[in-house]
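In case you want the letters, here they are:
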Amino acid sequence: MNKIIATLLFSAALITPAAASSLYVGGDGGQSSMDADAGDGYTLTKKDTSWSAFTGYRFDSNVAVEFGYRDYGKISGNGVSVSADAWQASVVGLVPLNRQVSLTGRIGGTSVTAKSNGRGFHDSETRNRGFVGFGVQYAVNPKVDLRAEYTRTGDIEGVTLSTLTVGAAYHF
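Owing to the predicted nature of the structure, the values given are computational and were not obtained by experimental measurement.

### Digging into the nonpolar core
With eight residues, the main nonpolar core is built from M34, Y72, I75, A84, A86, V112, I156 and L161. Listing elements by their share of this core, those giving two or more residues are β3 (63-77) and β4 (80-96). If you look at the next biggest cluster of nonpolar residues, it comprises six residues, including Y24, A64, V92 and A169.

### Things to note about the pattern of salt bridges
Taken as a whole and judged by the stated rule, the model has five salt bridges. In this structure, R106 engages E66 in a salt bridge whose closest nitrogen and oxygen atoms are separated by 3.1 Å. Of the two residues, R106 is situated in strand β5 (residues 101-118) and E66 in strand β3; the sequence distance between them amounts to 40 residues. Each of the two residues, R106 as well as E66, counts as buried. A salt bridge links R106 to E149; the nearest nitrogen and oxygen atoms lie 2.7 Å apart. Here R106 is found in strand β5, whereas its partner E149 is found in strand β7 (residues 144-153), with 43 residues between them in sequence. In the salt-bridge network here, residues are joined through shared partners; they are E66, R106, R147 and E149.

Criteria and thresholds
Residues numbered from 1 in each chain as written. Predicted model: local features only at pLDDT ≥ 70, side-chain atom pairs only at ≥ 80, totals over all residues. Heavy atoms only, no water. Core = buried A, V, L, I, M, F, W, Y, C linked by side-chain atoms within 4.5 Å. Buried < 20%, exposed > 50% of the residue type's maximum accessible area, 1.4 Å probe, protein only. Helix = DSSP H or I, 4+ residues; strand = E, 2+ residues; numbered from the N terminus. Salt bridge = Lys/Arg side-chain N within 4 Å of Asp/Glu carboxyl O.

Interpretation in functional terms is not warranted from these geometric data alone.
In structure tokens:
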């Protein structure tokens, strides 16, 4: 196993300097959706504003890794409010269509904290789940990318979180 890891690290060290790699930071904003299983086949769906801040490293024109914070917003109803936020890490795959436009796909893990308040109670719970996403990215110039993306987080106690966002990234 150690030989495999050493080989992978050595290969990455040889490939990375030749690739168009870069460190970047960015953010996005848009709409979050919280879908809750209300029983008897009924799903309660609420929407709010979502935003995130992230940093990433693009190894080449096809692969990047990102780490970030996402605020899913807050929903309220019947005297109860629920808010959710998360720390996320993901691998991003890019398929260039031309010099400026790429299709993107991501898979990663997230640590979601949900806080609920109302009617004499307060609760906070953190769960680790997987998430996936897909989108499109447009390179305005070598330093700035614009993106639109949809992500969906795995089921958390009968609640599914998703986002539809637009954002930008700045490459150093």
